[in-house]
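What follows is each chain in one-letter form.
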Amino acid sequence: MPDELEKRNWAGFAKGDPDIWREFINRQIPLLFGVFMKRWPNPSLAEELVQKSVFDAVRGLDSYNPSKGSPKEWLLGIARNNIRLEIRKRSARPTANGDISRYLQTIDTEPLPDEILERRETAEMVRWALGRLKSKEQAVLRAKYTEGLMAVEIAGQMHTTEKAVHNLLYRAKISLRRELKLMKSSWMIGLK
Amino acid sequence: MNLKNDNLPFDDSAAQLEKNISRLVKLADDSNKPGRAFTRSLINSALDELKRPEIKEKGITSEVSCWKRAMGWAAMFAAACGAGLAFVLSVLLEINAFFTVIVFFLMFANWMTYFGGLIL
């Protein structure tokens, strides 16, 4: 049973109180991320779905009724709905299957299919390819894409200039692409 | 715009590579938690969205649309009663019922279309 304070929070949430919302979203983002990751182990897709669910909640705020349940249950309902939408979207498009290396060949021209990204094998290949890069290149790629830092923040961390970070990032991307493509060749040789 | 030998505009190619690299590097991370920067940026943009007047006024507009809907139903009911009454009176006063029915049917249909549009 929710106590009085909790119910007052629910009412504040329904009215769009920014402080209550800030605390609420901050607590719910990791939870939603976990829900989506459990369904599809693909961090980019999980981020996309978390973002969609939070914005659906903000835009559909007038449909929240505190007497029907907590904001958390309501948000989880929205997330479940987004999972159903994603399943429907996937069933309407052709399934990507076959050799990962075939998709890595067109890495600069075609988007990598979600089904390929969700394979454990793909994550292992990327870890291996990243491990072959220079430590600075690995660090800049992780800072930019995993931590989501901006070039200026990375420059601060690395004690260098923003321009140097951009150059390093460019070189790191090219190196990673090369390693992934080389891996493709060794994979093909291994198959023969 | 530079063209690479694969005939794809360089900007598009660079953007696609950037997107794919981003998705791949994220895969390499074992953590089951979203990045701090992502969380921070999502909270800020959600709060900005919450502050937008359209979101704030949603409660008020839904009340207004409720009134509009009620008025629509009431007006449709009144138009239907009016048409029925006109038909009964025309029979009782021995007026040419056929023409009266046509006139009131047209009137009724117009009102139904207008208020039906408001309700839906």
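Thresholds, definitions, all that
- Residues numbered from 1 in each chain as written.
- Chains lettered and ligands numbered in written order.
- Predicted model: local features only at pLDDT ≥ 70, side-chain atom pairs only at ≥ 80, totals over all residues.
- Heavy atoms only, no water.
- Contact = heavy atoms within 4.5 Å.
- Buried area = accessible area lost by both parts, 1.4 Å probe.
- Salt bridge = Lys/Arg side-chain N within 4 Å of Asp/Glu carboxyl O.
- Polar contact = N/O pair within 3.5 Å; in protein donor to acceptor, adjacent residues only side chain to side chain.
- Helix = DSSP H or I, 4+ residues; strand = E, 2+ residues; numbered from the N terminus.

## Description of the interface of chain B and chain A
Inference 1: Tallying the contact residues gives 37 residues for chain B and 51 residues for chain A.
Inference 2: Regarding the contact of chain B and chain A, the summed buried area is about 4,200 Å², with carbon and sulfur atoms giving 67% of it.
Inference 3: When the buried surface of chain B facing chain A is broken down by residue, R23, K26 and L27 of chain B rank first, second and third, together holding 16% of it.
Inference 4: Taken together, chain B and chain A are joined by five salt bridges.
Inference 5: Taken together, the connections running from chain B to chain A amount to ten residue pairs in polar contact (both at pLDDT 80 or more).

## Some remarks on the environment of N20 of chain B
Inference 1: Structurally, the position occupied by N20 of chain B is in helix α1 (residues 10–28).
Inference 2: Each C-alpha atom of the pair N20 of chain B and M71 of chain B lies 54 Å from the other, and the pair is 51 residues apart in sequence.
Inference 3: Look past the residues within four positions of N20 of chain B in its chain and what remains in contact with it is I107, E110, P111 and L112 of chain A.

## Observations regarding the pattern of salt bridges
All names here are of chain A.
Inference 1: Evaluation of the coordinates by the stated rule reveals 17 salt bridges over all chains.
Inference 2: R90 serves as the salt-bridge partner of E86, at 3.0 Å between the closest nitrogen and oxygen. Separated by four residues within a single helix, E86 and R90 lie in helix α4 (residues 71–91), roughly one turn from each other.
Inference 3: When salt bridges that share partners are traced, they join E86, K89, R90 and E118 into one network.

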